[in-house]
Structure formats: structure tokens, C-alpha cells
Amino acid sequence: VVRRGSSGRDAVTPAEAYFESLGWSEDDIGKVKSCYRRHFHLSLENHVKPVLTWLADLGLSDAQVRKSVVRFPILFTCSLERNLKPKEQWLLDLGLDKSQVAKAISRHPQICGLSLEANLKPKVRLLGARGLSQTDIARTLATSPEILGHSLQRMTYRIGVLESAGLLTGASFRTAVKMTDEKFASRFG
């Protein structure tokens, strides 16, 4: 299959042809390819299809799978056995159910690219050490998975401010960690 590109004729990769067969728009395929260009040669059978299958098996709809991949095409470089499945299990072990894991990954697929040992676990340990219950931690990750993308320093500072003011709860943390620096400073001083 050949498509005319701006610089002449460009061969359609197997991944592009597969995405087209799934009904993905040219715009979505272009977004994936522009972010994923260095890795677009990865095996359809060994990388692309297994990741799409894993996302679907989590419970994501076809539209959510497409949206997750378009937002974070690097998912295709993540190892199922060493990266994606261990993160799924870790979230389940924290108390999220499978539908909450699916929702968290659908809303913020970037968590799949974060190191479990060096990034995610220390953040959850911080929340537990500062008094958030396991239920609050699970609820926080289920409803606001993007907080895992914030730096440990940002989380530590904001928890400290909330603790000093006697305001630390799961809900207050979810709100505070997502605020801009200016809004946080004006609200909590």
C-alpha cells in the first residue's frame, strides 16, 4: 500500500495499515506516527497487537484504546511482561478493581511509562507514610491517576503544607497536587 506524502510517495507501514483496518482516522494515525516515528518499525505481532490486546483485556473500549495510544504512543515500546502487567498488578494490589485500573490507564496512559520502583512506589509510600489510608490512596489513584506524573518533591511539599494546616485528606491532596503553583500558594499560603 502506498500513500502520497508531502515529499513524494511514502510506503504505509504494517502498523499504519493495521490501524487503518481498525478504523482509526488518518489524523490519529499521524499523531501516533509523529510521536512514535523512531519506533514505528516495531513488530506488529510482537509489540503493537499485544499492547492493543492488553488494553482491551483491561476493559478499555475500542475508542479508549485508540485514545490512550494516540495520547501516549510510547506504550508500544513498553514490555508487557516487565512493565505493563506488573503495573496492572501493582494497581490491583493497591486496592483498585480491574475497572478502576482500566479507567486510570485510559485517563492517564503515561503512568505506564513511569518506573514502578523508582517513581510510582515511592510516591505511594509517601502518601501512606503521611497518613493517607489504603482506601484514600486507592481512591486517589482511581480518580486522579495523573497525580502519579507529578514529581515526588511537588507531592512532598504540598502534603507538608496541607499537614501543617491540618487539612490533609485524600480529597484535599487530590485537589492540591493538581493546582498550579500560583493557585496553591494563594489558597494555602
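Preceding block: the structure.
(A) Expanded view of the overall build of the protein. In terms of helices and strands, the protein carries eleven helices and two strands. In the protein, the order of α-helices and β-strands from amino to carboxyl end is β-β-α-α-α-α-α-α-α-α-α-α-α. The C-alpha extent of the protein, read off along each of the three principal axes, is 65 × 35 × 25 Å. Split by element, the accessible area of the protein, about 9800 Å² in all, is 50% carbon and sulfur. Between the mean site of the 28 positive side-chain charges and the mean site of the 19 negative ones, the protein shows a separation of 4 Å.

(B) Main features of the nonpolar core. The biggest cluster of nonpolar side chains holds 53 residues, and the ones touching the most others in it are Phe19, Leu55 and Leu141. The greatest single-element share of this core, amounting to seven residues, is contributed by helix α3 (residues 44-58).

(C) Focus on the packing of aromatic side chains. In this structure the tally under the stated criterion is four aromatic pairs. Its end group placed over the ring of phenylalanine 184, arginine 158 keeps NZ or CZ at 4.4 Å from the ring centre.

(D) Broad picture of helix α5 (residues 80-93). Of all bends in α5, the biggest is about 30°, found at proline 86. Buried within α5 we find Leu80, Asn83, Leu84, Lys87, Glu88, Trp90 and Leu91. Against the buried residues of α5 lie α3, α6 (98-107), α7 (116-129) and α8 (134-143). Two or three places before glutamate 81, at the start of α5, stands the capping residue serine 79, its side-chain oxygen 3.4 Å from that residue's backbone nitrogen. Glycine 95 sits one or two positions beyond α5 and adopts a positive phi of about 115°.

(E) Representation of the pattern of salt bridges within the structure. Per the counting criterion, the structure on display carries eleven salt bridges. One salt bridge connects aspartate 27 with lysine 31, and the closest N-O pair in it is separated by 3.4 Å. Here the residue aspartate 27 and the residue lysine 31 both occupy positions in helix α2 (residues 26-36), the gap between them amounting to four residues, near one helical turn. For aspartate 27, a relative accessible area of 49% corresponds to the partly exposed category. Where aspartate 181 meets arginine 158, a salt bridge forms, and the shortest distance between an N and an O atom there is 2.6 Å. You can see aspartate 181 sitting in helix α11 (residues 181-188) and its partner arginine 158 sitting in helix α9 (residues 152-164), a full 23 residues away along the chain. A single network of salt bridges, built from pairs that share partners, joins Arg154, Arg158 and Asp181.

(F) Representation of the environment of arginine 154 within the structure. Within the secondary structure, arginine 154 is located in helix α9. Sequence spacing of arginine 154 and aspartate 181 is 27 residues, and the spatial spacing of their C-alpha atoms is 9.6 Å. If near-sequence neighbours (up to four positions away) are discounted, arginine 154 is found in contact with Val177, Lys178, Met179 and Asp181. Only 3.4 Å separates the side chain of arginine 154 from the side chain of histidine 150, close enough to count as a polar contact.

The rules behind these values
- Residues numbered from 1 in each chain as written.
- Predicted model: local features only at pLDDT ≥ 70, side-chain atom pairs only at ≥ 80, totals over all residues.
- Heavy atoms only, no water.
- Helix = DSSP H or I, 4+ residues; strand = E, 2+ residues; numbered from the N terminus.
- Areas by Shrake-Rupley, 256 points an atom, 1.4 Å probe, with all protein chains shown as cover.
- Lys, Arg positive; Asp, Glu negative; His and termini not counted.
- Charge placed at Lys NZ, Arg CZ, Asp CG, Glu CD.
- Core = buried A, V, L, I, M, F, W, Y, C linked by side-chain atoms within 4.5 Å.
- Buried < 20%, exposed > 50% of the residue type's maximum accessible area, 1.4 Å probe, protein only.
- Phe/Tyr/Trp six-rings, centres within 6.5 Å; stacked < 30°, edge-to-face > 60°.
- Lys NZ or Arg CZ within 6 Å of the ring centre and 35° of its normal.
- Bend = angle between axes of the 7 residues up to and from the residue.
- Contact = heavy atoms within 4.5 Å.
- Polar contact = N/O pair within 3.5 Å; in protein donor to acceptor, adjacent residues only side chain to side chain.
- Salt bridge = Lys/Arg side-chain N within 4 Å of Asp/Glu carboxyl O.

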